[in-house]
Amino acid sequence: MLATRPLSVLVAVATGALFVANGTASPQTTPPRQQQQQRDRLRQHDPYSTEVDAAVSAEQEKYLKATTLENLQTAYDGESNAANRYLAFAKKADQEGYGKVGSLFRAAARAEQIHAANHAEVIKTLGAVPKAEIVQPEVKTTKENLEVAISGELAERQTMYPAMMVRARQDGQRQAIRSFNFAMTAEQGHADLYRKALTNLESWRGGPVDFFVCTVCGYTVEKIDFRKCPSCFIPAEEYVKVS
Amino acid sequence: MSLIPPWDALHPLVVHFPIALLIVAPLFVVAALVWRRGSSWLLIAALAIMVLGTIGALLAVSTGESAGELAERTPAVAAVLEEHEELAETTRNVFLGLTALFAAVVVASHVLPRRWGSRMRPGVLPALQIVFLALYGGGVVLLVNAAHQGGRLVHEFGVTAMLSPSAQPGPPPIERTAAHGDDD
């Protein structure tokens, strides 16, 4: 027993580490056993809150059945529209005198543009062309816009990206996993900031303030109190100021 | 199929070398203090192991940052990951300094005397070795803590590097407040 164990470790290292598939092809169909694994993995996901049902939703099933490339296109479209929507929300916030909320929307828009650009890069490496259908955003009051923004960010964080990550892991698409993961981490931060703004809306009146956005992963913060980006480990100097 | 694993997938393979080598290296310095007659070779062996360990630390930090980009975050995972990364980077920098310092001691005590005939005064080299070991102890504390945080990520939170598409069957990172896992 003791003698065979190191041997099995050696074999595992040799087979696991040396013959890694960097596959770019995404399987079109998912075998039933893999589907069950996908569901098990997603049921345990949702580590952030109990706001959504932990069961796998029909929405997630859709992303699990799609190819990684299709998911990238969906995510690219979503991020592009989110950036456009937040810029419209920022204008409205400025008009209503919520300067700090306007700055937050502009910072989040910058982050969504970064996510869209990251997804677009991966789409291109897979030989496709990024496509987004920009729709005219519905702009309401700043309070309502914040509520819409929170639900949008949480849907991406808790439903869309977790399912896309599971799918991309199964396809071995490292670039896609990295891009989805950067976006997923940043979206939680956006939701937290929007919640903070909604809770303290009246104190967020006034002129614009500074937010800081990572140019690599879109992670968004009110102040930089770290040397390296907590999400992608790039030096903090790579952050841009958005007001 | 690829014969060369992706950079991020190398982290689990690489990370154990600096831990083992940098912990073993000072034992040779201690041995050189005890067995004076063979001290030259023991100190050179210690330096060689330290250099290899420090190279391992450089690779471990680089591969670790790539692996970290693929790790799904929860607030707890993010906190441990950040601490692991910061400790690992500090450890790498400290051992770069310690290895350079030890190389200077070895050169001053063994290479220069052979070349120019100048000898250190008796007792100076052992004193330098003892001071170095004290400094090295601080580096080992950092190393062990960095390794421990890495161990927590794997054994407490289930965060693993992605070795291959099929090698990712485990659940996503989980929130747990259980006792710490093993060092890794």
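Computed from a prediction, not measured in an experiment: that's the story for all the values here.

The next thing to look at is the packing of aromatic side chains. All names here are of chain A. All chains considered together, the criterion is met by eleven aromatic pairs over all chains. Between Tyr161 and Phe180 the ring centres are 5.7 Å apart and the planes differ by 45°, which places this aromatic pair in the tilted class. Taken as a pair, Tyr161 in helix 6 (residues 142-171) and Phe180 in helix 7 (residues 174-199) lie far apart in primary sequence, 19 residues in all. On the basis of relative accessible area, Tyr161 is assigned to the buried category, the value being 0%. The lysine or arginine in question, Lys100, covers the ring of Trp204, its NZ or CZ lying 4.2 Å from the ring centre. Of note, Arg205 hangs over the ring of Tyr98, and the distance from its end group to the ring centre comes to 4.3 Å.

This part covers the confidence of the model for chain A. Residue and element names in this part refer to chain A. Residue-level pLDDT values for chain A average 84, and 77% of them are 70 or greater. Low pLDDT (under 50) marks residues 1-28, which in the prediction has 44 contacts with non-local residues, meaning those over four places away or in another chain. Low pLDDT, under 50, characterises residues 46-53; the stretch is placed with 15 contacts to residues that sit more than four places away or in other chains.

Right, let's talk about the packing of helix 3 (residues 58-65) of chain A against helix 6 of chain A for a bit. Residue and element names in this part refer to chain A. At their nearest, the axes of helix 3 and helix 6 sit 8 Å apart, and the two run at 30° to each other. Comparing their axes, helix 6 and helix 3 come out roughly parallel. By crossing handedness, the relation of helix 3 to helix 6 is classed as right-handed. Within the contact between the two elements, helix 3 uses Glu59, Gln60, Tyr63 and Leu64 and helix 6 uses Gln158, Thr159, Met160, Pro162, Ala163, Met164, Val166 and Arg167. Per-class residue counts for the contact of helix 3 with helix 6 are seven nonpolar, three polar and two charged.

The end-to-end C-alpha distance of helix 7 of chain A is 38 Å, a good match for the 38 Å that 26 residues give at a rise of 1.5 Å each. Among the 26 residues that make up helix 7 of chain A, 20 are buried, leaving the element largely enclosed by the rest of the structure.

Calculation rules
- Residues numbered from 1 in each chain as written.
- Chains lettered and ligands numbered in written order.
- Predicted model: local features only at pLDDT ≥ 70, side-chain atom pairs only at ≥ 80, totals over all residues.
- Heavy atoms only, no water.
- Phe/Tyr/Trp six-rings, centres within 6.5 Å; stacked < 30°, edge-to-face > 60°.
- Helix = DSSP H or I, 4+ residues; strand = E, 2+ residues; numbered from the N terminus.
- Buried < 20%, exposed > 50% of the residue type's maximum accessible area, 1.4 Å probe, protein only.
- Lys NZ or Arg CZ within 6 Å of the ring centre and 35° of its normal.
- pLDDT = per-residue confidence, 0-100.
- Contact = heavy atoms within 4.5 Å.
- Axes fitted to C-alpha atoms, helices over the stretch in contact; angles between N-to-C directions.
- Parallel < 35°, antiparallel > 145°, perpendicular 65-115°, else oblique.
- Left-handed = near helix turned anticlockwise from the far one by under 90°.
- Nonpolar A, V, L, I, M, F, W, Y, C, P; charged D, E, K, R; others polar.
- Expected span 1.5 Å × (residues − 1).

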